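Chain by chain, the residues run as shown.
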Amino acid sequence: MNLLVTGGAGFAGSNFIRYILRKYPNYRIFNLDKLTYAGNLDNLKDIEGNANYKFIKGDIVDQRMVFKICRNNKIDAILNYAAETHVDRSILDPADFVKTDVIGTYNILEAVKEFKLQKFVQISTDEVYGSLTKGQFTEESPFLPNSPYSASKAGADLLCRSYVKTYKLPVVVTHSCNFYGPYQYPEKMIPLFVTNLMEGKKVPLYGKGENTREWIYVLDHCRAIDFLLHKGVNGEVYNIGTGVEKKNIQITQIFLAELGLDKKMIEFVKDRPGHDWRYAVNSNKLKKLGWSPEYDFDDAMRETIRWYQKNEWWWKKLKSGEYLKYYKKQYGL
Ligand code: NAD
Ligand code: DAU
């Protein structure tokens, strides 16, 4: 199979490319990535010489580029990981979110139609459903996004729905809970907190740290996307979750305990505007199809902490330059 992975130089996309190249020695992967601040070829250093892998620098907002890649490489399927993904950045400056997440996805849908591709997997998020106090989101829950990020993703997912209904395209949309694991850009809570603590810096916990997220190890997410690429029913939407819910303060306490640090390292800061209280997805539809998570939360989170401890070369340089400009804006410094 010839796969086009967009956004493959980011956190989840790079883990997916490595996973697929190991599992399917005959598959060829084309990685189209704009290399924004979040795109990083260091994430794929170990596979850059693989004969079945090719990196192409480019933008999914450029339709001609997407078409050219599909035409020249006999692409069978597209997996769209490319997006602007950080909620806080979307609050500071939404423009790129609308361009990449909505128009970029539209361009991919047009390519799937034009080249009659076998499958398109749109990697989306549980955030499109909004926020919960109790219960779980199902695939039938209404879209009630609360940030420019989640609204842009919701817009893209609705375009996918319309291309299924109108043009009968072979699209599968996924709504996943939060990922954690190696190679996550250190602006997101998990890598930010672990690396801050390693540097002797405090962790900025929003509000009272009571907001809750459901967590999936990134390799379990790779397994789910691989499963849906091959077994997902065209036109269907699938939630991806584990049932593992944690308050942000609980995650922080895990880090403090693992690193032998005191709660004095927590700094409670101003809350995120429109901060979603809780996400939790019902994944029974995906489980009935035959997928379930394999990684234990405690073990995989410990592995993740170890990875950041062992790979300072990877994150130290990221916490400078462009990152610092964002960090200063975010915290009004
Ligand atoms: P990331 O921010 O780490 O990586 C995004 C990648 O997309 C980067 O490599 C970036 O360079 C690339 N990109 C951005 N704009 C582009 C454009 N216009 N053209 C081509 N490439 C572009 O993101 P991530 O956390 O790995 O998330 C990947 C996908 O998974 C996103 O679609 C996101 O919405 C979804 N998702 C993420 C999570 C999570 O917890 N991280 C959870 C659910 C869903
Ligand atoms: O639910 C899936 C989504 O998860 C994805 O679609 C997004 O791309 C991804 O970024 C993530 O969004 P969150 O907002 O949940 O992730 P983030 O790591 O930014 O924040 C996790 C929680 O931690 C959230 O409640 C906000 C809080 N937080 C975050 C940061 C960056 C803090 O308390 N302090 C911080 O500095």
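Here the structure is a predicted model, which is why all the values come from computation and not from measurement.

Peer 1: Looking at this structure, how should I read the site of ligand 1?
Peer 2: In the neighbourhood of ligand 1, 28 residues make up the surrounding shell, with Asp-33, Asp-59, Thr-85, Tyr-149 and Lys-153 lying closest. Contact between ligand 1 and Asp-33: an oxygen atom at 2.6 Å from a side-chain N or O atom of the residue. In the model, an oxygen atom of ligand 1 is placed 3.3 Å from a nitrogen or oxygen of the Ile-123 main chain. Burial of ligand 1 by the surrounding chains reaches 97%, relative to a free accessible area of 840 Å². Those elements that provide at least two residues to the shell around ligand 1 are helix H1 (11-23), strand S5 (119-125), helix H5 (148-167) and strand S7 (178-180).

Peer 1: Which parts of the structure should I look at to understand the packing of aromatic side chains?
Peer 2: To describe a pair of aromatic rings, you give the distance between the ring centres and the angle between the ring planes. Scanning all chains against the criterion turns up 18 aromatic pairs. Ring geometry for Tyr-217 versus Tyr-295: centroids 4.9 Å apart, planes at 55 degrees, classification tilted. With a gap of 78 residues between them, Tyr-217 in strand S9 (residues 212-217) and Tyr-295 in the loop between helix H9 (284-289) and helix H10 (297-310) connect regions that are remote in the sequence. Overall, Tyr-217 belongs to the buried group, its relative accessible area being 10%. The positively charged end of Lys-113 is found above the aromatic ring belonging to Tyr-167, 4.6 Å away from the centroid. Here the guanidinium or amino end of Lys-285 rests over the ring plane of Tyr-238, the centre of that ring lying 5.0 Å away.

Peer 1: Where do I start with the pattern of salt bridges in this structure?
Peer 2: Between side chains of opposite charge, pairing is possible as soon as their charged atoms come close. In this structure the tally under the stated criterion is 20 salt bridges. The partner of Lys-45 in a salt bridge is Asp-42, and the shortest N-O contact between them spans 3.8 Å. Taking relative accessible area as the criterion, Asp-42 reaches 12% and is therefore assigned buried. Between Asp-96 and Lys-99 there is a salt bridge, and its shortest N-O distance comes to 3.6 Å. A residue pair is termed a helical-turn pair when its members lie 3 or 4 positions apart in one helix, as Asp-96 and Lys-99 do in helix H4 (residues 95-114) at three residues.

Peer 1: What exactly am I supposed to notice about the packing of H4 against H5 here?
Peer 2: Two quantities define a packed helix pair, namely the angle between the axes and the distance from one axis to the other. Orientation of H4 relative to H5, taken along the N-to-C sense of each, is 15 degrees, at an axis distance of 8 Å. Viewed along their axes, H4 and H5 adopt a mutual orientation that is roughly parallel. The hand of the H4/H5 crossing is right-handed. Between H4 and H5, the contacting residues are Phe-97, Val-98, Asp-101, Val-102, Thr-105, Tyr-106, Leu-109, Glu-110 and Lys-113 on the first element and Pro-148, Tyr-149, Ser-152, Lys-153, Ala-156, Leu-159, Cys-160, Tyr-163 and Tyr-167 on the second. Among the residues making up the contact of H4 with H5, the classes are represented as 12 nonpolar, two polar and four charged.

Peer 1: What exactly am I supposed to notice about H4 here?
Peer 2: Owing to its 3.6 residues per turn, the α-helix brings residues three or four apart onto one side. The terminal C-alpha atoms of H4, which comprises 20 residues, lie 28 Å apart, in line with the 28 Å expected from a rise of 1.5 Å per residue. Of the residues making up H4, those classed as buried are Phe-97, Thr-100, Asp-101, Gly-104, Thr-105, Asn-107, Ile-108, Leu-109, Glu-110, Ala-111 and Val-112. Lys-116 sits one or two positions beyond H4 and adopts a positive phi of about 50 degrees.

Peer 1: Would you take a moment to explain the environment of Ile-29 for this structure?
Peer 2: Tracing the sequence through the fold places Ile-29 in strand S2 (residues 28-33). With relative accessibility at 0%, the residue Ile-29 sits in the buried group. As for Ile-29 and Lys-310, which are separated by 281 residues in sequence, their C-alpha atoms are 28 Å apart.

Peer 1: Even after reading the chapter, I still don't get the site of ligand 2, so can you show me in this structure?
Peer 2: Every one of the 24 residues lining ligand 2 counts as a neighbour, but Asp-126, Tyr-149, Asn-178, Arg-272 and His-275 are closest to it. Between ligand 2 and Thr-125, the relevant distance is 2.7 Å, taken from an oxygen atom to a side-chain nitrogen or oxygen of the residue. Between ligand 2 and Arg-213 there is a distance of 2.8 Å, counted from an oxygen atom to a side-chain nitrogen or oxygen. Compared with its free state, where it exposes 680 Å², ligand 2 has 94% of that area covered by protein. Secondary structure elements with two or more residues in the shell around ligand 2: helix H3 (87-92), helix H6 (189-198) and strand S8 (203-206). A per-class count over the shell around ligand 2 returns 10 nonpolar, seven polar and seven charged. Each of domain 1 (2-180 + 215-240) and domain 2 (189-213 + 246-274 + 297-328) accounts for three or more of the residues forming the shell around ligand 2.

Parameters and conventions
- Residues numbered from 1 in each chain as written.
- Chains lettered and ligands numbered in written order.
- Predicted model: local features only at pLDDT ≥ 70, side-chain atom pairs only at ≥ 80, totals over all residues.
- Heavy atoms only, no water.
- Near = heavy atom within 4 Å.
- Polar contact = N/O pair within 3.5 Å; in protein donor to acceptor, adjacent residues only side chain to side chain.
- Areas by Shrake-Rupley, 256 points an atom, 1.4 Å probe, with all protein chains shown as cover.
- Helix = DSSP H or I, 4+ residues; strand = E, 2+ residues; numbered from the N terminus.
- Phe/Tyr/Trp six-rings, centres within 6.5 Å; stacked < 30°, edge-to-face > 60°.
- Buried < 20%, exposed > 50% of the residue type's maximum accessible area, 1.4 Å probe, protein only.
- Lys NZ or Arg CZ within 6 Å of the ring centre and 35° of its normal.
- Salt bridge = Lys/Arg side-chain N within 4 Å of Asp/Glu carboxyl O.
- Axes fitted to C-alpha atoms, helices over the stretch in contact; angles between N-to-C directions.
- Parallel < 35°, antiparallel > 145°, perpendicular 65-115°, else oblique.
- Left-handed = near helix turned anticlockwise from the far one by under 90°.
- Contact = heavy atoms within 4.5 Å.
- Nonpolar A, V, L, I, M, F, W, Y, C, P; charged D, E, K, R; others polar.
- Expected span 1.5 Å × (residues − 1).
- Domains from an automatic or database assignment.

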